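Chain residues, written in single-letter form:
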Amino acid sequence: GEQVEQRPPHLSVREGDSAVIICTYTDPNSYYFFWYKQEPGAGLQLLMKVFSSTEINEGQGFTVLLNKKDKQLSLNLTAAHPGDSAVYFCAVTYQGGRALIFGTGTTVSVSP
Amino acid sequence: ETAVFQTPNYHVTQVGNEVSFNCKQTLGHDTMYWYKQDSKKLLKIMFSYNNKQLIVNETVPRRFSPQSSDKAHLNLRIKSVEPEDSAVYLCASSLYTEVFFGKGTRLTVV
């Protein structure tokens with residue numbers, strides 16, 4: 001079955017720096033890709049969904065790139081601030097499928 | 001804003017007891033899920049359920065069972081808890097592809 005590797009497991013950056021998290025998946029049939037943010041004591045907050053190949057999406061303070069050729073999904077936190085401190089998860093699912101397969105998570109700490 | 005509601009937030013129980021966690025979604029979604037998040041933050045699907053089909057992750061022990069009264073509710077029952085069941089249990093729902101999560105129930109088995 002699908003396996004999703006997420007790197008790095010931990011990331012410490014200073015406020016204003018950028019931070020990049022990369023997920024590599026194995027199944028070429030993976031179709032929908034997601035980034036979630038989990039703050040302490042909270043559930044998973046959906047940041048973005050992508051499904052087109054080689055797509056760059058910009059959100060509030062972050063950019064997501066999907067490279068289907070290399071089976072990679074990345075999240076770039078641009079100009080990080082302390083409110084970005086959280087655990088970030090990538091997730092994938094198949095076309096017609098619903099249950100998400102998650103990456104292993106990245107704990108991001110942003111210091112002032 | 002949370003639209004997937006889980007109760008309780010926390011639960012501490014002894015080995016061998018039965019526990020039940022509740023989940024309700026107000027989004028009008030047709031599919032609900034239970035995920036387990038372990039102490040290393042790893043997330044694994046346990047069950048997905050809509051009014052037609054229950055899909056069970058084959059690695060889930062048989063002491064776990066989902067219970068649904070309607071498409072807005074999916075509870076999780078654990079018949080006889082074991083220490084390795086200590087985790088955060090996250091309920092979720094979806095209509096198409098986007099999955100929305102509750103805040104979780106943290107179970108501690110002593």
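Further up the page is the structure itself.
Within every chain, residues take consecutive numbers counted from 1 along the sequence as written. Whichever chain is written first is A, and whichever ligand is written first is 1; the rest continue in order. The predicted nature of this model means local features are confined to residues of pLDDT at least 70 and side-chain atom pairs, given and counted, to a pLDDT of 80 or more, with totals for whole chains, interfaces and linings taken over all residues. Hydrogen atoms and water are omitted, and side-chain values are computed over all heavy atoms in the structure.

Visitor: For the overall build of chain A, give the residues involved together with the corresponding values.
Guide: Only DSSP runs of H or I with at least four residues qualify as helices, and only runs of E with at least two residues qualify as strands; both kinds are numbered from the N terminus onward. Assigned secondary structure in chain A consists of zero helices and 11 strands. Reading the helices (α) and strands (β) of chain A from amino to carboxyl end gives β-β-β-β-β-β-β-β-β-β-β. Just to be clear, the radius of gyration here is over C-alpha atoms, and the globule rule we use is 2.2 Å times residues to the power 0.38. Relative to a compact globule of 112 residues, whose C-alpha radius of gyration would be 13 Å, chain A shows 13 Å and is just as compact. Along the three orthogonal principal directions, the C-alpha set of chain A runs to about 40 × 30 × 20 Å. Exposure classes here rest on a 1.4 Å probe applied to the protein chains alone. A residue is buried below 20% of its type maximum, exposed above 50%, and partly exposed in between. The buried share of chain A, reckoned over its 112 residues, is 44%. It only takes one pair of heavy atoms within 4.5 Å for two residues to be counted as in contact. For chain A, the proportion of contacts with a sequence separation of at least 24, taken over those separated by at least 6, is 54%.

Visitor: Before we move on, could you go through the pairing of strand β7 (residues 62–67) of chain A and cite the residues and values that matter?
Guide: All names here are of chain A. Here β7 shows a clear split, with F62, V64 and L66 buried on one side and none of T63, L65 and N67 buried on the other. Two strands pair if DSSP finds at least two bridges between them. Two elements, β7 and strand β8 (residues 72–77), share six bridges in a ladder whose sense is antiparallel. If you follow V64 over to β8, its bridge partner there is L75. Counting the residues in the hairpin turn of β7 and β8 gives four residues, including K71, whose phi is positive at 55 degrees.

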